[in-house]
Amino acid sequence: MRLILTIFLFLITSAYAEQGYRYGHLTAQEIERVRQVEALLGGVDTKSLRETINELERSRHPYINLEVKEAMAKAYTDIVREINVEGQSKKEWLYSMVCLNMAYLQFGGDEGRPGSTTELNRLIRKKLMEYLPSDLLKQFGSMYSLE
């Protein structure tokens, strides 16, 4: 768990290190997709719409990152419904687990090892893989290796 948290914090730190650079602008259609992501998350992501848009536009691969955000929001929403998560703090915790599992997948994590993870993590990864484009984790810039 500490390794996953460390990886997640590394990703966040890397995103903030690039704040001064603009790589691309989102179209009106993409901004609408960001609005839909925000609506699905229902306040568990505390960033404003403008902050999220700016973050995406500053990233090297805004379109890939938007697909990731959409997959995370859809996976989160499914799980909230399926296991009937209630209460803001529980929903925020669940979303943080979705974020950690996405980072795990981006770093090439292998869930194929029996007993290597909890039932919740397996469910989250299954849902993420359901919503991520099949080749997304292989695309340049969306997967990182520690090797």
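Since the model is a prediction, treat every value here as computed from it, not as a measurement.

Conventions used here
- Residues numbered from 1 in each chain as written.
- Predicted model: local features only at pLDDT ≥ 70, side-chain atom pairs only at ≥ 80, totals over all residues.
- Heavy atoms only, no water.
- Helix = DSSP H or I, 4+ residues; strand = E, 2+ residues; numbered from the N terminus.
- Buried < 20%, exposed > 50% of the residue type's maximum accessible area, 1.4 Å probe, protein only.
- Contact = heavy atoms within 4.5 Å.
- Areas by Shrake-Rupley, 256 points an atom, 1.4 Å probe, with all protein chains shown as cover.
- Core = buried A, V, L, I, M, F, W, Y, C linked by side-chain atoms within 4.5 Å.

1. Here we look at the overall build of the protein
When its secondary structure is counted, the protein shows six helices and zero strands. The secondary structure elements of the protein, listed N-terminal to C-terminal, are α-α-α-α-α-α. Taken over 147 residues, the protein has a buried fraction of 41%. Sequence-distant contacts in the protein: of pairs separated by 6 or more residues, those separated by 24 or more amount to 70%. For the protein, the accessible surface area stands at approximately 8,900 Å², while carbon and sulfur atoms represent 54% of it.

2. Some thoughts on the nonpolar core
Met72, Tyr76 and Leu128 are the most contacted members of the largest nonpolar core, which totals 26 residues. If you list the elements that add at least two residues to this core, you get helix 2 (28-41), helix 4 (62-82), helix 5 (88-106) and helix 6 (119-131). Among the elements that take part in this core, helix 4 stands out by supplying nine residues, more than any other. Beyond its immediate sequence surroundings of up to four residues, Met72 is in contact with Tyr95, Val98, Cys99, Met102 and Leu128. Counting residues in hydrophobic clusters, the runner-up holds six residues, among them Ile31, Val34, Leu56 and Leu66.

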